[in-house]
Amino acid sequence: GSRKNKRSREKNHPKLSGTGLRKIDTSKTNNQRAILRMRDFASKKLAKQHSEALGAHISGMSETAVLKLRDVAESAPGAHQVYSSLGMVFDGMILSTESEELVQMSPRQIRRRLVLAKKAFSSYNVAAALCKRDCVLWEKAGDAAVRVADLYSEILDVSEKSPYPFSGDDDKSSNSKREFDPASGPERWREDRDSWFEKALSAYQSADSLKPPGIDIPCKLAKAHIRNGDYIDALSIFTDLRLKASGERSRSSMEGSFPCWLLYAELMLRIGFQCEQWNAQESKIDKNTFKRWLRKHSKTFDWKGRRIQALCLALEAAAGTVSCAKLVEWMRNHANQESNSKGNDLAVDDGETKDDAGDHESPETALDKSCHTSRRDSQKKLNDTVAKNNLELEQFDVTSKRMKLVEGSIAYNNRQSARSAIIEKHRTAMRELVRQIAADESLRSHVKNCNGEDNPLPLYGTYETVLDISLMLLRECVQLQLFDCGLLVVESFVNYSSERLQRHDRKMRRKQECEAAAANGGDSFSYDKIGSDSSDDDEPLEDDDDDLAEAWRSISRGDLPFDMKLLNVVCLLGSGTYYYVAINLLEQVMSLSDVSLFAPTAHGGFSGATDDGSAWRKFSQRALEISLTKSYLLSSAVDALVKKRNDLSWTGRALRLIKSHLKAVDGKYGLETILAESTEVNREQTLKIMFAMMNLLLHCARLRLPQIDDLDAQDIKAMETAVSEVITVIKFIIRVKSIIWLPDYADWSLPQSAANTLGILSEALSILVEVSSIAKYEPIAGHAAGESLQAGLAGARNVIATVCQTGRSPSSSTALEGHGPNSWQTFPLPNKWQDALHISMSVRTYNLCTACCVSSFSGWN
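The structure displayed is predicted, hence computed values, not measured ones.

**Considerations on the confidence of the model for the chain**
Thinking step 1. Of all residues in the chain, 75% have pLDDT values of 70 or greater, and the mean over the chain is 78.
Thinking step 2. Low pLDDT, under 50, characterises residues 28-38; the predicted model gives this stretch 19 contacts beyond four residues in sequence or across chains.
Thinking step 3. Ignoring residues within four places in sequence, the model shows residues 529-536, a span with pLDDT below 50, making seven contacts including any to other chains.

Okay, here's the thing in structure tokens:
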């Protein structure tokens, strides 16, 4: 009886473990994994204390909640839910302090934020260690570690702007200094940031090893790999997500997630940065696998094209397949064209040698090739095989006929057996080819379903999200001169706005019908009936607001947002299809006072705080942080303006536009100041606009030159205009020659701007020489053209003296002795001023010119 009562008490009151949780009998097979999952409190008192702590947190008493949870943890140290709740409370306390910017915070406030973030990570990490099968806890631990690393990143950003950013620290205790020491410097903060990124990576790997549903955790893991420089691992994750679909006719979760595609685009940008660093011999990557890949593919990998594709797919995932149908079709056609000329996929090797590091294709390769195959290629291959077989059999029969074998003889029978063997070989090859074509057709059908032709993606992103992705993609299109793609991006954005407007109108119509039915005493729940005007695609989005309805309506009518309107002008000019409309819009934009000439100059920062990431920040800013200024728009459009230069009327409009801009820049800043002291971006944009203006002027001058045998007063006037345009170019070169012409005296190499200037000077001299030859046959000395010609030749001699470094050569030891540029009157110029270096340069130049002439009239390429 006593043993029976003891068993009854054990059944009604389970045993308590040392952790304060219910003890589990692990002898049974079903309970082996239960020790790694969440368990209830063994005491109702502990459960009540835990509930009171959560109530205090909800009421805003976070400090009280922490104290109560500490008491619960002391009574139940193995209760993982307590530590999870602690992490939640610390997260709430961090959110309450994030309203203030870090640059405005004192060291004490920064230290408190760091302590809270580290406590949140410790809490989630302990909870995940106690409940190893819960992937959410590992994910929260990784998020907390990323938050700490981001805080150190913000501290580094603030430290770059000032040598002493965190002054006034009144806490001198050792514990406080250990948490955050303002005097430790950027090196220590950078080490702490990297260590926390490593902790985040470890937590995300633990979460991903549990095979969680969805793609959130794999994307966070890929982002952690990108931050740590493990680009091969990140790409492998994206490839697995891309190929993982839940059914034969379904699309993978990655294809419908625009954040995932944006992260893939960032990965391509970082790989592109590493390629440029490697080509410039400035790479500091320490991953051996990636080094081997860079050694073989850094100069050929089309990371820009892959980034464009990723942004197109991100826009499709956000705006829907219906809105982006033409854009996606263009992307596939463009990828097909690129794949025919380039086959440089990112190869993942597992430790191969240097010679075979890139021989293996990446997991993306099979998918890419399947996307680019077509039925036309398969049918062509089949027809070619049939024709080849027929030709072989026909040649065999012709040979047999020439042999004139006796029917029934041994040689004749052997010949017939050989013919039968050839026919059987052909049949076997045809059967194999048909089987292969059928397999390719099945794979192509699967890819077609996965790409959304039979399974379109719904509209998912908000208005702000779609606008941001569209602007990012438009900037990439302008930079890569893909203007047709840019126009399709604008069209997709307009289609998205029209669809949102239709959804809003349907929603308002249903609301009015319900209100009318309720006012008439009818069924107020008519919207819930089957067969109503509702649709599954009309699920409410985050920004379903009546205020945005007017914005969608105006966009549907063609009134684009301001930034998109500016980029659309450049795309219209570049495509050349709507040139008249585009040039009018560009003139309107250039006359606006709201658009600045240049981007505001960013603070250079404190040089002592820079690190190895400064080159990456500079590279990413050039690719992402583009200011839509007049100089940027005009420098992006000048290539399209130069292409239209055969029409003098359009060229005149373009020249007036460019001259007006340069005049505004010169009046406000000064061209010399921009070229010598401004930022690199402003200098490049100004140089591009200047060279475009000079090229257009010289082309107009070339078109105005008359024929030698027929020269009337109108031709002399045109020739005078042409000479004046050449003089304008030469004067412009003379003005900026001291800034542009900067050869490297070590090897006499020229920067690109100097090389472009030399080409423009050569064209200007060619026109002047041609006018001089006309002057030999026609008396134009008394006209203004003759005087302009002499002025142009004098200016040309000035530039030639600068190009040839007259009297300034480091090896020059001969005085000019009256043979300087001022004494040069006619061509050819005297050579008495030249020293040994000049003479050797002149001989080489003469030989090159002679070789060019011989190659030209000989018809050689």
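**Comments concerning the pattern of salt bridges**
Thinking step 1. Evaluation of the coordinates by the stated rule reveals 27 salt bridges.
Thinking step 2. Taking the shortest distance from any N to any O, the salt bridge between Asp397 and Arg419 comes out at 2.7 Å. With Asp397 in helix α16 (residues 375-403) and Arg419 in helix α17 (residues 410-450), this pair connects stretches of sequence that are 22 residues apart.
Thinking step 3. By relative accessible area, Asp397 is classed as partly exposed at 32%.
Thinking step 4. One salt bridge in this structure joins Arg553 and Asp505, with 3.8 Å as the shortest N-O distance. Remark: Asp505 occurs in helix α19 (residues 483-519) and Arg553 occurs in helix α20 (residues 547-556); sequence separation between them is 48 residues.
Thinking step 5. Since its relative accessible area comes to 30%, Asp505 is described here as partly exposed.
Thinking step 6. One continuous salt-bridge network, built from bridges that share partners, spans Glu139, Asp143 and Lys220.

**Describing the packing of aromatic side chains**
Thinking step 1. By the definition in use, this model includes 13 aromatic pairs.
Thinking step 2. Seen from their ring centres, Trp261 and Tyr264 are 6.0 Å apart, and the 80 degrees between their planes marks the pair as edge-to-face. Here the residue Trp261 and the residue Tyr264 both occupy positions in helix α11 (residues 258-279), the gap between them amounting to three residues, near one helical turn. Residues Trp261 and Tyr264 agree in their burial class; the two are buried.
Thinking step 3. When the centroid spacing of 5.5 Å and the interplanar angle of 65 degrees are considered together, the rings of Phe273 and Trp616 count as edge-to-face. Of this pair, Phe273 sits in helix α11 while Trp616 is found in helix α23 (residues 614-623), placing the two residues 343 residues apart along the sequence.
Thinking step 4. The class for Phe273 is buried, based on a relative accessible area of 9%.
Thinking step 5. Of the aromatic side chains, those joined through ring pairs into one cluster are Tyr231, Phe290, Trp293 and Phe301.
Thinking step 6. Sitting over the ring of Trp196, Lys199 keeps its end group 4.0 Å from the ring centre.

**A look at empty space enclosed by the protein**
Thinking step 1. All told, the structure shown has one cavity of 30 Å³ or more when counted by the stated rule.
Thinking step 2. Roughly 70 Å³ of internal volume is contained in the largest cavity.
Thinking step 3. If you go around the largest cavity, the residues you meet are Ile733, Val736, Lys737, Ile740, Trp741, Thr757, Leu761, Val799, Thr802 and Val803.
Thinking step 4. Residue composition of the lining of the largest cavity, by class: seven nonpolar, two polar and one charged.

**Describing the side chain of Ser257**
Thinking step 1. When you line up the elements, Ser257 lands in the loop between α10 (231-243) and α11.
Thinking step 2. Excluding residues that lie within four positions of it along the chain, Ser257 makes contacts with Ile215 and Ala317.

**Comments concerning the packing of helix α21 (residues 562-575) against helix α22 (residues 579-590)**
Thinking step 1. In contact at an axis separation of 8 Å, α21 and α22 are set at 145 degrees when each is read in the N-to-C sense. The element α21 and its partner α22 pack so that their crossing is left-handed. Contacts from Leu566, Val569, Leu572 and Leu573 in α21 reach Tyr579, Ala582, Ile583, Leu585, Leu586 and Val589 in α22.
Thinking step 2. Of the residues in the contact of α21 with α22, the class split is 10 nonpolar, no polar and no charged.

Cut-offs applied
Residues numbered from 1 in each chain as written. Predicted model: local features only at pLDDT ≥ 70, side-chain atom pairs only at ≥ 80, totals over all residues. Heavy atoms only, no water. pLDDT = per-residue confidence, 0-100. Contact = heavy atoms within 4.5 Å. Salt bridge = Lys/Arg side-chain N within 4 Å of Asp/Glu carboxyl O. Helix = DSSP H or I, 4+ residues; strand = E, 2+ residues; numbered from the N terminus. Buried < 20%, exposed > 50% of the residue type's maximum accessible area, 1.4 Å probe, protein only. Phe/Tyr/Trp six-rings, centres within 6.5 Å; stacked < 30°, edge-to-face > 60°. Lys NZ or Arg CZ within 6 Å of the ring centre and 35° of its normal. 1 Å grid on protein atoms, 1.4 Å probe; cavity = no way out; pocket = protein on both sides within 12 Å on 5 of 7 lines; lining within 4 Å. Points joined across faces, edges and corners; volume = space filled by probe spheres on them. Nonpolar A, V, L, I, M, F, W, Y, C, P; charged D, E, K, R; others polar. Axes fitted to C-alpha atoms, helices over the stretch in contact; angles between N-to-C directions. Left-handed = near helix turned anticlockwise from the far one by under 90°.

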